[in-house]
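So the chains spell out like this:
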Amino acid sequence: MKTQHLVGIFFSLLAYFGFSVGDALRKYMSTNGLDPFYIIMWSSVFSAFFMVGFCLYKKRLRNDLTLKRPIMSIARGFMNLLLGYLAILSFQHLAMTDAYILIMTAPIIGILCFSLFFKEPIKPYKIGAVCLGFLGAILVIKPGFGEWNNAYLAAIGVAIVFVINNILLKKVVHVESKVSLIFYPNMVNIGWGILILGSGAFQIPEGLTLGLLIVAACTSLVGGLSMAWAIASIEASEVSLYHYVQVFYGVVIGYLFFHEHPDIYALGGVLAIVLSGAIIYRGAKKRHQIEFIEVV
């Protein structure tokens, strides 16, 4: 594989790891009574604070925070807020493994959208990966013989909004600075948090909650910046396909920290996701080997 492609894979995996740790922290806080918008708002406050501090240290505040497409950044901000809210709801009411497998329906939407808007080719290996991802989702929902949970809709909503957010990101990732791509959506989160929570927004977190929110902010920064680097390095649809790695993160984190034990259907879904990931890797590797030979 080309070095740029390997860099894209690395940052894809790192981005999803950062998001997974942040999801676990928000799950813990929401199940212990914190309002989802309070979690989103204060995580965004700390993220924005860290980014401004970094820009001041590098003496790049003006360059990094100057927007070239402000309307697009505002739109991404709204999508980011909705994404965070739906994610917290899904993880609050579902096991992490189940939530992640349903969120993995994102590549089904992503491949079609990125092909339509960015003319990215639909390769056979991508189709196979999507089919296995869809099978994993079916095994979790268990249509017709399992108890329906409305939180399934929140998890599927995360998948849809995630793809829309990445489409918007694809349009600005080569135009805006990496810092601004994260900073302004956080500012939208803060603004809406104040509007929704009212006076409750100004209750400063303390103790363990404060520490968890700070760590959640850091993991969001790692995830967001890594995602921007990944999409700048490889096809956006392929970045979406590596979303499947979050199933592994979800199984491990759910077992270690929430004592979650996947049932036979969830394990079947995990197996489908594992096979899907293998198809992604082999397909991408073969395609780039062919491209390298053609260039030589």
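Everything that follows concerns the structure shown earlier in this document.
Our subject in this report is the structure included herewith. Quantities reported herein were computed from a predicted structural model and do not represent experimental measurements.

Definitions and cut-offs
- Residues numbered from 1 in each chain as written.
- Predicted model: local features only at pLDDT ≥ 70, side-chain atom pairs only at ≥ 80, totals over all residues.
- Heavy atoms only, no water.
- Helix = DSSP H or I, 4+ residues; strand = E, 2+ residues; numbered from the N terminus.
- Buried < 20%, exposed > 50% of the residue type's maximum accessible area, 1.4 Å probe, protein only.
- Contact = heavy atoms within 4.5 Å.
- Areas by Shrake-Rupley, 256 points an atom, 1.4 Å probe, with all protein chains shown as cover.
- Core = buried A, V, L, I, M, F, W, Y, C linked by side-chain atoms within 4.5 Å.
- Phe/Tyr/Trp six-rings, centres within 6.5 Å; stacked < 30°, edge-to-face > 60°.
- Lys NZ or Arg CZ within 6 Å of the ring centre and 35° of its normal.
- Salt bridge = Lys/Arg side-chain N within 4 Å of Asp/Glu carboxyl O.
- 1 Å grid on protein atoms, 1.4 Å probe; cavity = no way out; pocket = protein on both sides within 12 Å on 5 of 7 lines; lining within 4 Å.
- Points joined across faces, edges and corners; volume = space filled by probe spheres on them.

**Quick word on the overall build of the protein**
- When its secondary structure is counted, the protein shows 13 helices and 0 strands.
- For the protein, the sequential pattern of α-helices and β-strands runs α-α-α-α-α-α-α-α-α-α-α-α-α.
- A buried classification covers 50% of the 296 residues belonging to the protein.
- Considering only contacts within the protein whose residues lie at least 6 apart along the sequence, 90% involve residues at least 24 apart.
- Looking at the protein as shown, the accessible area adds up to about 14,000 Å², and 70% of this sits on carbon and sulfur atoms.

**Overview of unusual backbone geometry**
- Despite not being glycine, Lys 59 has its phi angle at roughly 55°, a positive value.
- The residue Lys 59 is located in the loop between helix 2 (36-58) and helix 3 (61-65) in this model.
- Classification of Lys 59 as exposed rests on a relative accessible area of 75%.
- Positive phi values are uncommon outside glycine, yet His 259 reaches one of about 55°.
- Of note, His 259 is situated in the loop between helix 12 (245-258) and helix 13 (264-295).

**Quick word on the nonpolar core**
- Among the nonpolar cores identified, the biggest contains 50 residues, and Tyr 16, Leu 102 and Met 227 are the most heavily contacted of them.
- Ranked by residue count, the leading element in this core is helix 8 (residues 151-172), at 12 residues.
- Apart from residues no more than four positions distant in its own chain, Met 227 is found in contact with Ala 15, Tyr 16, Phe 19, Phe 162, Asn 166, Leu 169 and Val 239.
- Formed by 26 residues, the second largest nonpolar core is a distinct cluster that contains Phe 37, Met 41, Met 51 and Leu 197.

**Some words on the packing of aromatic side chains**
- In this structure the tally under the stated criterion is 12 aromatic pairs.
- Between Phe 78 and Trp 192, the aromatic rings sit 5.9 Å apart at their centres with planes inclined by 70°, giving edge-to-face as the arrangement. Of this pair, Phe 78 sits in helix 4 (residues 70-93) while Trp 192 is found in helix 9 (residues 178-197), placing the two residues 114 residues apart along the sequence.
- A network of ring pairs unites the aromatic residues Phe 10, Phe 11 and Trp 229 as a single cluster.
- If you follow Lys 27 out to its NZ or CZ, it ends over the ring of Phe 258, 5.3 Å from the centre.

**What about the pattern of salt bridges?**
- Tallied over the full model, the rule gives 2 salt bridges.
- In this structure, the salt-bridge partner of Lys 27 is Glu 260, at a minimum N-O distance of 3.4 Å. Residue Lys 27 is located in helix 1 (residues 3-31), and its partner Glu 260 is located in the loop between helix 12 and helix 13; the two are separated by 233 residues in the primary sequence.
- The exposure class assigned to Lys 27 is buried, which follows from its relative accessible area of 6%.
- Its salt-bridge partner being Asp 64, residue Arg 60 comes within 3.1 Å of it at the nearest N-O pair.
- For Arg 60, a relative accessible area of 39% gives the class partly exposed.

**Re empty space enclosed by the protein**
- Evaluation of the coordinates by the stated rule reveals 1 cavity of 30 Å³ or more.
- Estimated volume of the largest cavity: approximately 690 Å³.
- Taken together, 38 residues make up the lining of the largest cavity; nearest its centre are Phe 19, Asn 80, Leu 83, Gly 84 and Ser 220.
- If you list the elements that add at least two residues to the lining of the largest cavity, you get helix 1, helix 2, helix 4, helix 5 (96-103), helix 8, helix 9 and helix 10 (207-233).
- In terms of residue count, helix 4 provides more of the lining of the largest cavity than any other element does, 8 residues in total.

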